[in-house]
Structures are given as C-alpha cells and as structure tokens.
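# Notes for the structure review
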Amino acid sequence: MATERLQKVLAAAGVASRRASEALIAAGRVTVDGRIATIGAQVDPANAIIAVDGRVIGESATKAYLVLHKPAGVTSTTRDRHAEHTVLDLVPTALVPDGARLYPVGRLDQDSEGMLLLTNDGAWAERVLHPRHGVEREYALGLAAPLDRAQVDALRAGVALEEGLGTLDGLRPMTGVEVGRLEGLLRPAPPRLVWYRATLTQGWKRQLRRMFGAVGAPVQRLARVRIGPVRIDGLHSGAVRPLKAPEIRGLGSGAGRARPTSKPARS
C-alpha cells in the first residue's frame, strides 16, 4: 500500500496548492474515510475515500469517460498559461462528476483536430495508450494534391524519423461519402482538398505530418476520426459526449481494430 501526505494528494487532484490544502485540513473541511483529517496524515489515494466539504475527490471520485471533437487551435493540455483555450474549456460542467479531475488520454497537436478522449481513470487510460494493447488511431489527412505511386510506396514501406522507422498500419483514399460526412463535422469548413485515411498504432509526436512531409506531401489538414472501435461519426467540432458502456469496455480491453465500414480503395 503506497501512502502519501494528504496535502500532496489534494494538490495533485487539483483541489488547491499544498499550502492551501493544509489550510483546508486545519479548518476541518477534509475527511478521509468519513473521519475529519489532521495535518500530516498519510493516505493511500488509490483506496481512501477523500472528501472536501463533503465532495469526494481523487481516485475515489465517480469515473468519467468522454469523447471530444477537438477543434484546431485548442491545446490538448489541461493547463497552459500560453494557450487561449484548452480542451477542458469545451467540457460542460454537467458531464464532470463532483470531485473529478479530467485529463486527456494522449494528445493532439494544437493545429490538429478530431477525437480526443478525456477521463479520470488512470488505469483505463493506460490500457488505451500502451502500445502492447495495439489500439489503432485512424486519421483523415487533407492534401493539396493526390499522392503519386512513389509517395504511396514510400509511406507504406516506412519513413525514417528521429525515433526510428515510422510505419503506417493502413493508408487509402477516402471515399466521396466519407469526405462528405467529415466535412460536415469540421469547423471551419475545409477548402477543396484530397483526403486520405491513415491508421497508426505508433504514436510519435507529429508523426503523420513528418512522414507525409518527408515524401513531399505536406498535410494541409489533419483530423483524428477513430480510436479503437470508437468513431467520430456525428460529433461536430467542439462537441463532447459521454462514451457508451460498450465503447468504454472495448477501449479498456485493448480493442485495437474496428470493423471495416467500406472496402479500402486502391491508391
């Protein structure tokens, strides 16, 4: 059983600074397992029921699992003094349980858009993120011109990046129906672009932009459209919804692949 000082746990949960947390404890406003806490108390944050003014906080708080369509220009971090907006600004308070501190599961670059998961369940987030579970991430990439055969072959063979060989798990042109559905969700509406779908299980920083740039096909617009079995279908830019129970189970069990909805087109 790993224990920590109570004021440190409160600060990590975003309740207040350590000093302000000590003041809350001294004022008798914090309870641990139903008993009023004292300064210097050691707690196990994974098992203790910690409450401030009667509101449960930390790992004992009700679990939340949300999917957000992040617009371009919004940072994925929850706190950034240089950012005008963060993803938490888009989440209605009604979707955040009392005492819950949500954080993104992975990241999207500030200039990228699309699906971003938010939760306060660290164990679940680790199962979604860890490469051993092979949870796929699928992206729509808008290019100024179609890829030629040499570019397609180079991308499918893998592109040398600083971290190693960047590889794709899938690459295909998007169908007209797919493009129409996607463009109906994006804000602002994109200009005329040539759209492709690329699938990854790797997750290196700006990987797709670097891979496509390396073959002379810079990405004009990039949107994540699927994580594991969960798709962006019907979720407009800036919108957020709770994940459904089967989606939570599917992602948490490492359900990496989704059933294909259409036959892949040849490049």
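Residues numbered from 1 in each chain as written. Predicted model: local features only at pLDDT ≥ 70, side-chain atom pairs only at ≥ 80, totals over all residues. Heavy atoms only, no water.

### Observations concerning the pattern of salt bridges
Oppositely charged side chains can form a pair if their charged atoms are brought close together. Note the following rule: Think of a salt bridge as a Lys or Arg side-chain nitrogen and an Asp or Glu carboxyl oxygen that are within 4 Å of each other. The helix count covers DSSP runs of H or I at least four residues long, the strand count covers runs of E at least two residues long, and both are numbered beginning at the N terminus. For each residue, the accessible area found with a 1.4 Å probe, counting protein chains only, is set against the maximum for its type, and the residue is called buried under 20%, exposed over 50%, and partly exposed in between.
Per the counting criterion, the structure on display carries 14 salt bridges. Put simply, Glu4 and Lys8 hold a salt bridge, and the shortest N to O gap is 3.6 Å. Note that Arg226 is salt-bridged to Glu138, the shortest N-O span being 2.8 Å. Of the two residues, Arg226 is situated in strand β15 (residues 219-227) and Glu138 in strand β10 (residues 137-143); the sequence distance between them amounts to 88 residues. Each member of the pair, Arg226 as well as Glu138, carries the same accessibility label: buried.

### Details of the confidence of the model for the protein
Quick reminder of the rule: Note on scores: pLDDT gives the predictor's confidence for each residue, bounded by 0 and 100. Contacts are assigned to residue pairs that have any heavy atoms within 4.5 Å of one another.
Per-residue pLDDT for the protein has a mean of 87; in total, 90% of the residues score no lower than 70. With pLDDT under 50 throughout, residues 259-267 is counted as low confidence; its partners more than four residues away or in other chains account for 15 contacts.

### Things to note about the pairing of strand β9 (residues 113-119)
So the rule is basically this: Note on pairing: two strands pair once DSSP finds at least 2 bridges between them.
Of all 7 residues making up β9, 7 are buried, and the element is well covered by its neighbours. Across 6 bridges, the pairing between strand β7 (residues 65-70) and β9 is antiparallel. Directly across from Leu68, in β9, lies its bridge partner Leu116. Sheet topology note: the strand β8 (residues 103-105)/β9 ladder contains 3 bridges and is antiparallel. Note that in β9 the partner of Tyr103 across the bridge is Thr119. The pairing of β9 with β15 spans 2 bridges and is parallel. The partner of Gly114 across the bridge, within β15, is Arg224.

### Focus on the packing of aromatic side chains
How two aromatic rings sit relative to each other is set out by the distance from centre to centre and by the angle between their planes. Using the following cut-off: Put simply, two rings from Phe, Tyr or Trp (the six-membered ring, in Trp's case) pair if the centres are within 6.5 Å, and we call them stacked under 30 degrees between planes, edge-to-face over 60, tilted for the rest.
Under the definition given, this model contains 1 aromatic pair. On the numbers, 5.0 Å between centres and 75° between planes, the contact of Tyr65 with Trp124 is edge-to-face. Taken together, the residues Tyr65 in strand β7 and Trp124 in helix α3 (residues 122-129) connect sequence positions 59 residues apart. For Tyr65, a relative accessible area of 16% gives the class buried.

### With respect to the packing of α3 against helix α7 (residues 245-252)
Note the following rule: In this analysis an axis means a line fitted to C-alpha atoms, helices contributing only their contacting stretch, and an angle means the value between N-to-C directions, from 0 to 180 degrees. Three classes are used: nonpolar for Ala, Val, Leu, Ile, Met, Phe, Trp, Tyr, Cys and Pro, charged for Asp, Glu, Lys and Arg, and polar for all others, with Gly counted as polar.
It is the contact of α3 with α7, at a shortest axis distance of 8 Å, that shows an interaxial angle of 65°. Touching Trp124, Arg127 and Val128 of α3 are Ile248, Leu251 and Gly252, all from α7. Of the residues assigned to the contact of α3 with α7, the class counts are 4 nonpolar, 1 polar and 1 charged.

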